[in-house]
Amino acid sequence: MSSEIRLAFAHPSERAIATSDDGPVDRISLRDHIVEVEIGAFQAERGTRQRICFNVVVEVQPIVGHIDDDVDRILSYDRVTEAIATELGAERLNLLETLAERIAERILLEPQALRTFVRIEKLDRGPGALGVEIVRSRGELGDSVPDSSHERPHPRVVYLTNAALKSEHLGTWIDQLSAEPAPLILCVGLPDGPRPDVGHPMAQRRIDLLAIEQNGWMLASRDARCKVVATRTELDWAMKNGQVCVWAPSKIVLDAVEGPDAPVTESAALTGWFATEMEASELLVIGADAPRVANVSVRNSAIGESVL
């Protein structure tokens, strides 16, 4: 086996040494860290957990002077395992590539980190390990490294019943709510009328979520300011840019590591779960009783009342 092929399958620590610059660096490594998670783009990978193996090497700036046996002066191994756990807990992902990128970026937020190798392998998808390996450096990431000091916006989440959605007051409510400084996210439930009943829980859940999204598009058609959004990334961008959002729930619900306890047919409760996930400043329910939601201010408004 040639040296190039051997290095391609060697542990990331060997690859780090072979590709290092002339300057001295220190390295810390995490070997064969196995976690059971739900991940994967194929339908067969949904609803089941599989073993994922992580091997990570981080090159760090050598410490100048005496270390004095002080843990605060070094990059702790715990920061690497925490980066893995944080990204696994954020949302369900389809691709190992996405997970590797996010872990690398989070590690490179550490002030000591200069370069990192991240190898992730699925252990249960075949007779061998299937995986991806990336190398990222602080300089290469540049502005794409997230600013850990940046605080996410805390939106005002508003749930509209079907009666509220069809109300002549809809435009006035959006005028009033969008004039407030907090970003605005509108949510709806299932539309009126029958929908397919297939008797299969997973399929029915998807059908119901898609029906809610159809109702969301009905809302967007009534006011040009409303834009249907489906992902957390798109929501974050829209909130930062003052866009009035209509939540399309399928992706966020299906990709949630800890999804809603209530069935998606309980639309107000589903919106309450979403408000918690978004760390909303308020949940306003127009035309129905509001659910109990932890850590979010909740209030009701009748259809004929002012929403402010």
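A few points on the structure. These numbers come from a predicted model, not from an experiment.

Observations concerning the sheet that holds strand S1 (residues 26-37)
Part 1 of the argument: In space, the 4 strands of this open sheet follow the order S1-S2-S3-S4, with antiparallel pairing throughout. This sheet does not close on itself; its edge strands, each paired only once, are S1 and strand S4 (130-137). Within the sheet, the average angular offset between the axes of one strand and its neighbour, ignoring direction, is 10°.
Part 2 of the argument: In this sheet, S4 lies alongside strand S3 (residues 113-122) in antiparallel orientation, the contact comprising 8 bridges. Paired with Arg119 across the strands is Glu133, a residue of S4.
Part 3 of the argument: Packing of helix H3 (residues 77-90) onto the sheet brings it into contact with S1 and strand S2 (50-60), and relative to S1 it is tilted by some 35°.

A word on the sheet that holds strand S10 (residues 297-301)
Part 1 of the argument: With respect to topology, 6 strands assemble into an open sheet ordered S7-S8-S6-S5-S9-S10, the strand pairing being parallel. Each edge of the sheet is formed by a strand with only one pairing partner; in this case those strands are strand S7 (226-229) and S10. Direction aside, the axes of adjacent strands within the sheet are offset by 25° on average.
Part 2 of the argument: Of the strand pairs in this sheet, strand S9 (residues 282-286) and S10 are connected by 5 bridges, and their pairing is parallel. By the bridge assignment, Leu283 is partnered in S10 with Val298.
Part 3 of the argument: The strands touched by helix H7 (residues 170-178) within the sheet are strand S5 (156-160), strand S6 (184-188), S7, strand S8 (244-247) and S9, with S5 carrying the most contacts at an inclination of about 170°.

With respect to unusual backbone geometry
Part 1 of the argument: Residues other than glycine seldom take positive phi values, yet Asp32 does so here, at roughly 50°.
Part 2 of the argument: Summarising the element assignment, Asp32 is placed in strand S1.
Part 3 of the argument: The exposed category is assigned to Asp32, whose relative accessible area is 54%.

So, the side chain of Asn162
Part 1 of the argument: Within the secondary structure, Asn162 is located in helix H6 (residues 162-165).
Part 2 of the argument: By relative accessible area, which is 14% here, Asn162 ends up buried.
Part 3 of the argument: Looking at Asn162, its side chain comes within polar contact range of the main-chain oxygen of Leu190, at 2.9 Å.
Part 4 of the argument: Residues within four places of Asn162 in sequence aside, it is in contact with Leu190, Pro191, Asp192 and Asn215.

A closer look at the pattern of salt bridges
Part 1 of the argument: In total, this model carries 22 salt bridges according to the counting rule given.
Part 2 of the argument: Between Arg106 and Glu87 there is a salt bridge, with the nearest N and O atoms lying 2.6 Å from each other. Of this pair, Arg106 sits in helix H4 (residues 96-107) while Glu87 sits in helix H3, and the two are 19 residues apart along the sequence.
Part 3 of the argument: When the shortest N-O distance is used, the salt bridge between Arg156 and Glu282 registers 3.1 Å.

A word on the environment of Ile120
Part 1 of the argument: Mapped onto the elements of the fold, Ile120 is located in strand S3.
Part 2 of the argument: Ignoring sequence-local partners within four residues, the contact set of Ile120 consists of Ile52, Cys53, Phe54, Leu96, Leu99, Ala100, Ile103, Leu130, Gly131 and Val132.

A few points about the pairing of S7
Part 1 of the argument: With 4 bridges connecting them, S7 and S8 associate as parallel partners. In the strand pairing of S8, Val229 is matched with Trp247.
Part 2 of the argument: Regarding topology, helix H9 (residues 232-240) serves as the crossover connection from S7 to the parallel S8, and that connection is right-handed.

Rules used throughout
- Residues numbered from 1 in each chain as written.
- Predicted model: local features only at pLDDT ≥ 70, side-chain atom pairs only at ≥ 80, totals over all residues.
- Heavy atoms only, no water.
- Pairing = 2+ DSSP bridges.
- Helix = DSSP H or I, 4+ residues; strand = E, 2+ residues; numbered from the N terminus.
- Axes fitted to C-alpha atoms, helices over the stretch in contact; angles between N-to-C directions.
- Contact = heavy atoms within 4.5 Å.
- Buried < 20%, exposed > 50% of the residue type's maximum accessible area, 1.4 Å probe, protein only.
- Polar contact = N/O pair within 3.5 Å; in protein donor to acceptor, adjacent residues only side chain to side chain.
- Salt bridge = Lys/Arg side-chain N within 4 Å of Asp/Glu carboxyl O.
- Right-handed = clockwise from strand over helix to strand, strands pointing away.

Don't take any of this as a statement about function, it's just geometry.
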